[in-house]
Amino acid sequence: MSDPQAVTTAAPPPTLGGGTVTPHARRRPSPGFFVKLALVATVDALGVYGVLAAAAVASWGIVAFLVLALVVVNWAYFSPRALPAKYLVPGLVLLLVYQIFTMAYTGWVAFTNYGDGHNSTKQDAIASIAEQNETRVEGSPTLPLSVVERDGELGFAVVQEGVVEVGTAQQPLAPAPDATVEAGRVTAVPGWDVLQFVDVAGRQDEVTVLRVPFSDDPADGSVRTQDGSTGYVFRPTLAYDEATDTFVDTVDGTTYAPSDGGNFVSADGTVLTPGWRVGVGLDNFTRAFTDSRLSGPFVQITAWTFAFAFLSVVTTFALGLFLAIVFNDARVRGRKVYRSLLILPYAFPGFLSALVWRGMLNEKFGFVNEVLLGGAQVPWLQDPWLAKVSIVLVNLWLGFPYMFLVCTGALQSIPADTIEAARIDGAGPARILRSVTLPLLMVSVAPLLISSFAFNFNNFSLIYMLTGGGPNFVGTPVVVGHTDILISMVYSVAFESGTKQYGLASALSILIFVVVGVVSWLGFRRTRTLEEI
């Protein structure tokens, strides 16, 4: 007697047309599989390129992350048990790269002296100091020079008193008797390739840092070139002693020892540059409050940042709410046309509008002074207080359409029977607005007001395009102005103050992050109470 269950399991499933589906047909890849395969292969190719590039500069942390990310991506998209991961992995990778890594790196920089003069490691600083502190040997000849290469190693071939000499960074100049000289310049050396001008230009960085010892005696100096055609003999004026970790001036014997600040410093306080990156603890955080030249502008800029963010939210919300209430009234004719016109400022890119307003507020040639004020010369953007007023008004122009749209939507979501019930109870328009409309409106609008405050707290583009932060403070160690907000101050410290101070800028960024986070947390706590209405 046969087993009925075994027969049922072995039979192929029927199809809608009455036929059967073979196992081979079920395993046939769909077109979507090939699309997925192509996309993952592209990601793998980019990832492998990133791994090789990171390994070339010994960034082993990035190599480990990329390898792990590639393994996770391939597992997620080729494993039938990883359906949720297919949707989560891209977001998680971008979150790690653009948020977590950026925040962690900013936090690390904030505790270092990273900036101009302290950009790299101590080994790089030693090499740079040794390279920069060289003088040409007095009475040394000017040498016709050709750049040569053998097995990837560069060298110099020079003509000295009619004799061709060839050397590399490791081998001092030595005669090359079978070399060919044309027009006083070496054109061929047996066993070497003489580089042409195009090749020298392509390897300019390697050529300019190459030093070929002039002889076996280091005191004779080394040959350098800046153009790949003429060599000069230089001798270092500072010698690095690896045993004592100091630089010694070969002329007067002054010793430069490493300091905690990441520089070689002499006994009389003379500092050699460049330095190297070191940890400075909380110095970048306390400097904004303890440096008398920086603390005053920093406090003013902090106060103005809060005032600007608060006034921007209040003014744009008030105007947007007023217009929303007006054009939400059914008695107003042509409401669609008015609403369309009111959101026009929102349709233009904000930075372009700021540039247009900058021209319109020009003191001598602006439309406001020339046309509206009859030729008056009001310093809208040159006076500290007028510049602040101008910024708030321009931001009102840019921001009220957003609040108008938000409030219009929120008003239309309020049940009409609630308003009607209030009228039946005898409430007037003002009482309905104060006791019914606004409380219900704030339930949905309050989170947007918090986000608007956070946005304006970091509204860099408006400040940068309209005033550039000016007019500037006088006597500050960084270029900052009366209309700078904290984020534009960070940009100025990092990039526009002559000496770039990434450590200080990162510390200020962390302070901004903390302030915005605290304000948002308090705001959302307040929002919860509104939801209970």
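Residues numbered from 1 in each chain as written. Predicted model: local features only at pLDDT ≥ 70, side-chain atom pairs only at ≥ 80, totals over all residues. Heavy atoms only, no water.

In the annotation of an unreviewed UniProt entry, the chain is listed under the name Maltose/maltodextrin transport system permease protein and assigned to Cellulomonas oligotrophica. Listed in UniProt under the heading Function (unreviewed entry), the comment for the chain reads: "Part of the ABC transporter complex MalEFGK involved in maltose/maltodextrin import. Probably responsible for the translocation of the substrate across the membrane." You can read under Sequence similarities (unreviewed entry) in the UniProt record for the chain the words "Belongs to the binding-protein-dependent transport system permease family. MalFG subfamily." (UniProt positions renumbered as here; feature names shortened; annotations may be inferred.)

Student: Before we go on, may I ask you to explain helix H5 (residues 83–110) in this structure?
Tutor: Counting along an α-helix, one turn takes 3.6 residues, and residues three or four places apart therefore face a common direction. The terminal C-alpha atoms of H5 lie 40 Å apart, and with 28 residues this matches the ideal 40 Å at 1.5 Å per residue to within 8%. Restricting attention to buried positions, one finds in H5 the residues Ala 85, Lys 86, Val 89, Gly 107, Val 109 and Ala 110. (Helix = DSSP H or I, 4+ residues; strand = E, 2+ residues; numbered from the N terminus. Expected span 1.5 Å × (residues − 1). Buried < 20%, exposed > 50% of the residue type's maximum accessible area, 1.4 Å probe, protein only.)

Student: What exactly am I supposed to notice about the UniProt feature "domain: ABC transmembrane type-1" (unreviewed entry) in the chain here?
Tutor: Those residues carrying the UniProt feature "domain: ABC transmembrane type-1" (unreviewed entry) are residues 302–523 in this numbering. In this annotation, residues 302–523 is assigned 73% helix and 0% strand; the end-to-end C-alpha distance for the span is 19 Å.

Student: Help me out: how do you make sense of the confidence of the model for the chain in this one?
Tutor: Low pLDDT means the predicted coordinates in that region are not meant to be read closely. Per-residue confidence for the chain gives a mean pLDDT of 87, with 94% of residues at or over 70. pLDDT under 50 marks residues 14–19. Its contacts with residues more than four places away, or in other chains, come to 4 contacts. (pLDDT = per-residue confidence, 0-100. Contact = heavy atoms within 4.5 Å.)

Student: Whenever I open this one, the domain arrangement of the chain confuses me. Can you help?
Tutor: Here the chain is described as being made up of domain 1 (31–110), domain 2 (123–272) and domain 3 (288–532). Its C-alpha centre places domain 1 at a distance of 38 Å from the equivalent point of domain 3. Opposite the 5 residues of domain 1 that make contact, domain 3 presents 7 residues. The junction of domain 1 with domain 3 conceals about 380 Å² of combined surface from both sides, 83% of it contributed by carbon and sulfur atoms. Counting the surface domain 1 buries against domain 3, the share from its top three residues, Thr 106, Val 109 and Ala 110, is 78%. Here domain 1 and domain 3 share 0 salt bridges between them. The tally of links between domain 1 and domain 3 comes to 0 residue pairs in polar contact (both at pLDDT 80 or more). (Domains from an automatic or database assignment. Buried area = accessible area lost by both parts, 1.4 Å probe. Salt bridge = Lys/Arg side-chain N within 4 Å of Asp/Glu carboxyl O. Polar contact = N/O pair within 3.5 Å; in protein donor to acceptor, adjacent residues only side chain to side chain.)

Student: Explain the pairing of strand E10 (residues 222–225) to me, please; I cannot follow it from the model alone.
Tutor: Residue alternation in E10 divides its side chains into two sets, Ser 222 and Arg 224 and Val 223 and Thr 225, and both sets are buried. Bridging between strand E9 (residues 212–213) and E10 involves 2 bridges; their strand directions are antiparallel. What sits directly across from Val 212, in E10, is Val 223. Of the pairings in the sheet, the one linking E10 to strand E11 (residues 230–236) comprises 4 bridges and is antiparallel in character. Bridging from a neighbouring strand, Ser 222 pairs with Phe 234 of E11. From the end of E10 to the start of E11, which pair antiparallel, there are 4 residues, and Gly 228 there has a positive phi angle of about 80°. (Pairing = 2+ DSSP bridges.)

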